[in-house]
Amino acid sequence: MDFELSENQRLLRDMTRDFAAREIAPLAHAMDATGEVPDALLAKMREAGFFGLAYPERYGGLGLDTVTYGLVVEELARQSAGICIMVTVHNSVGYYPVAGFGSAELQARYLPRMAAGELAAFCISEPNAGSDAAALASTARREGDDYILDGSKVWVTNGSRARFFVILARTPGTAGHRGIHAFLVERDTPGLAVAKKEDKLGLRASDTVVIALDGVRVPATHRLGEEGGGFRIAMTALDGGRIGVAFQAIGIGRACLEEALKYARQRETFGRTLAEQPVIQHKIADMTTELEAARLLALRAAWLKDEGRPHTREAAMAKLFATEAAGRAADEALQIHGGYGYVKEYPVERYYRDARVTRIYEGTSEIQRLVIARQTLAGRVG
Ligand code: COS
């Protein structure tokens, strides 16, 4: 067993840490307040390769393994969880269905554009199908060499900026996961429209929209994988996506810990700094331990994925534990700040809001527990 990072992994982590501190941190508060991300920042991120992290080098990406990718994600989330989710959706659930299941022609045509920073989004959830993803009702009706897509997709991260959409829809009249297909759809396809932009509690730098599909004609060559294979593709992509969310939560949790430390060292009560008081030290110890445990779970899930080994259970455990730990870290960081934690002058207020959704998207904590329990009950105990 080897817990050392490679030279390259350390280098990329440190470069991202520097980039995020220099380019993202100074804008994070304003991006949260306005929901606007400056084009200049996106251009610098494109230039630095953040939109090509997972994409193969032959298509212009960095081709990072999942462990290295996770280290980069943690550093982005440390400064802005909203910017981080823009990057992770584009590099996981927006990427993998195309890279893993698109035809060679489709990949050669689109992956270079995606790796260069033309954003991707993932459309699975619907008004009446969130946790129960197989209940999705959007339809894909075959018509000659095309499919015609109709329906409505919700919680679409990157939706207003994306050029490409991975969309899950089913053959009319089918039920359950077997009738579901996955497609790559270009933004300009007639009938595809942003119907609404959500006004969210947190992650305000990231755009989340409703996508309306009204007679969207998609060539059958844009179907990803087998007919009826869409659900499995989505689940496989979400396994990877959940590892990214775990690292994102760890980044938010670390931000909470670092800000709590900063505050505890300078704030005095009863003649001593908070950092000198056992009641605060216990909180700091618990935050540190939980974040470290979360990081180990996430690194192991990432490593299994890189080894090409099953990682559904490990991704679910990493996401469950890391996001709940981040929630506790945010809560304790706010508590350590007292009233100052509750106002926008200090960044923990933002971290507290940003941490919350990590327990919901890419599968709620309840869904992660369901995934883990099913595997344990099937005999996978160790
Ligand atoms: N990888 C590959 N295949 C998978 C899989 C995975 N992780 N999980 C399930 N499958 C396959 C199963 O093997 C099964 O295929 P076969 O019938 O061919 O064997 C099929 O998918 C259906 O699986 P299952 O019966 O487990 O499906 P359920 O309807 O019970 O749903 C959960 C499974 C709850 C895990 C799924 O609906 C889910 O992940 N929900 C949350 C969705 C989510 O994360 N949404 C957020 C999107 S981002 S905003």
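Within each chain, residue numbers correspond to sequence positions counted from 1 in written order. Reporting in this predicted model follows two pLDDT cut-offs: at least 70 for local features of residues, and 80 or more for side-chain atom pairs to be given and counted; totals over whole chains, interfaces and linings ignore these cut-offs and use all residues. Excluding hydrogens and water, the side-chain figures rest on all heavy atoms present in the structure.

**Observations concerning the overall build of the chain**
Of the regular secondary structure elements, the chain holds eleven helices and ten strands. Over its C-alpha trace the chain gives a radius of gyration of 21 Å, about what one expects of a compact globule, namely 21 Å for 382 residues. Counting only C-alpha atoms and orienting by the principal axes, one finds that the chain spans roughly 80 × 50 × 40 Å. Only protein chains enter the calculation, and the probe is 1.4 Å; a residue is then buried if its accessible area is under 20% of its type maximum, exposed if over 50%, and partly exposed in between. Classification of the 382 residues of the chain by burial places 54% in the buried group. Only carbon and sulfur atoms are counted for the fraction: they give 53% of the accessible area of the chain, which is about 16,900 Å². If you average the places of the 47 positive and of the 49 negative side-chain charges in the chain, the two averages end up 2 Å apart. Secondary structure elements are defined from DSSP: runs of H or I of at least 4 residues count as helices, runs of E of at least 2 residues count as strands, and each element is numbered from the N terminus. Within these notes, the globule rule equals 2.2 Å times the number of residues to the 0.38 power, and the radius of gyration is based on C-alpha atoms. Method for areas: the Shrake-Rupley scheme with a 1.4 Å probe, in which residue coverage is limited to the protein chains shown. As used throughout, the charge tally considers Lys and Arg to be positive and Asp and Glu to be negative, leaving His and the chain termini uncounted. Just so you know, the charge point we use is NZ for Lys, CZ for Arg, CG for Asp and CD for Glu.

**What to know about the domain arrangement of the chain**
By domain assignment, the chain separates into domain 1 (7-115), domain 2 (120-228) and domain 3 (232-377). Domain ranges listed in this record stem from an automatic or a database domain assignment. Averaged C-alpha coordinates put domain 1 and domain 3 at centres separated by 20 Å. Counting from both sides, the interface comprises 26 residues of domain 1 and, opposite them, 29 residues of domain 3. When two components associate, each loses some accessible surface as probed by a 1.4 Å sphere; the sum of these losses over both components is called the buried area. Both faces considered, domain 1 and domain 3 share a buried interface measuring about 2,200 Å² in area, 61% of it formed by carbon and sulfur atoms. Its largest share of buried area at the contact with domain 3, domain 1 owes to T66, E74 and R78, together 30% of the area lost on that side. Every residue pair with non-hydrogen atoms within 4.5 Å of one another is taken to be in contact.

**Here's the deal with the site of the ligand**
The environment of the ligand is formed by 21 residues, the closest being S131, H177, D239, R242 and R374. Pairs of N or O atoms are called polar contacts if they sit within 3.5 Å, as long as, within protein, a hydrogen donor faces a hydrogen acceptor (for residues adjacent in sequence, only side-chain-to-side-chain pairs). Interatomic distance of 2.9 Å between a side-chain N/O atom of D239 and a nitrogen atom of the ligand. When the ligand sits alone it has 1,000 Å² of accessible area, and the protein chains cover 72% of it. Here the shell around the ligand gathers at least three residues from each of two domains, domain 2 (120-228) and domain 3 (232-377). Neighbouring residues are identified by heavy atoms, a residue being near a molecule or strand if any of them is within 4 Å of it.

**Overview of the packing of aromatic side chains**
We call Phe, Tyr and Trp rings a pair once their centres come within 6.5 Å, taking the six-membered ring for Trp, and we label the pair stacked below 30 degrees between planes, edge-to-face above 60, and tilted otherwise. Taken as a whole and assessed by the stated rule, the structure comprises eight aromatic pairs. Centre to centre, the rings of Y263 and Y346 are 5.8 Å apart; their planes meet at 90 degrees, and the pair counts as edge-to-face. Of this pair, Y263 sits in helix α7 (residues 230-266) while Y346 sits in the loop between α9 (312-337) and α10 (348-356), and the two are 83 residues apart along the sequence. Under the relative-accessibility criterion, Y263 is labelled buried at 4%. Look at Y346 and you get partly exposed, because its relative accessible area is 23%. Pairwise contacts between aromatic rings join Y263, Y340 and Y346 into one cluster. Over the aromatic face of Y96 sits the side chain of K305, whose NZ or CZ is 5.8 Å from the ring centroid. For a Lys NZ or an Arg CZ to count as sitting over a ring, it must be within 6 Å of the ring centre and within 35 degrees of the ring normal.

**A look at the pairing of strand β2 (residues 139-143)**
Working note: regular strand, side chains alternate between the two faces of the sheet. By definition, two strands form a pair when at least two bridges between them are found by DSSP. As defined by bridge partners, β2 adjoins strand β3 (residues 146-157) across five bridges and the pair is classed as antiparallel. The residue bridging T139 from the neighbouring strand is D150, located in β3. Connecting β2 to the next strand, β3, in antiparallel fashion are two residues, including G144 with a positive phi near 65 degrees.

**Quick word on the packing of α7 against α9**
In this description, a line fitted to the C-alpha atoms serves as the axis of each element, helices being fitted only across the stretch in contact, and the angle between N-to-C directions of two axes falls anywhere from 0 to 180 degrees. Interaxial distance between α7 and α9 falls to 8 Å at its minimum, and their mutual angle equals 20 degrees. Viewed along their axes, α7 and α9 adopt a mutual orientation that is roughly parallel. The crossing of α7 and α9 is left-handed. Any angle between 65 and 115 degrees counts as roughly perpendicular, while under 35 counts as roughly parallel, over 145 as roughly antiparallel, and the rest as oblique. Each crossing is labelled by how the near helix is turned from the far one, with a counterclockwise turn of less than a right angle marking it left-handed and a clockwise turn marking it right-handed.

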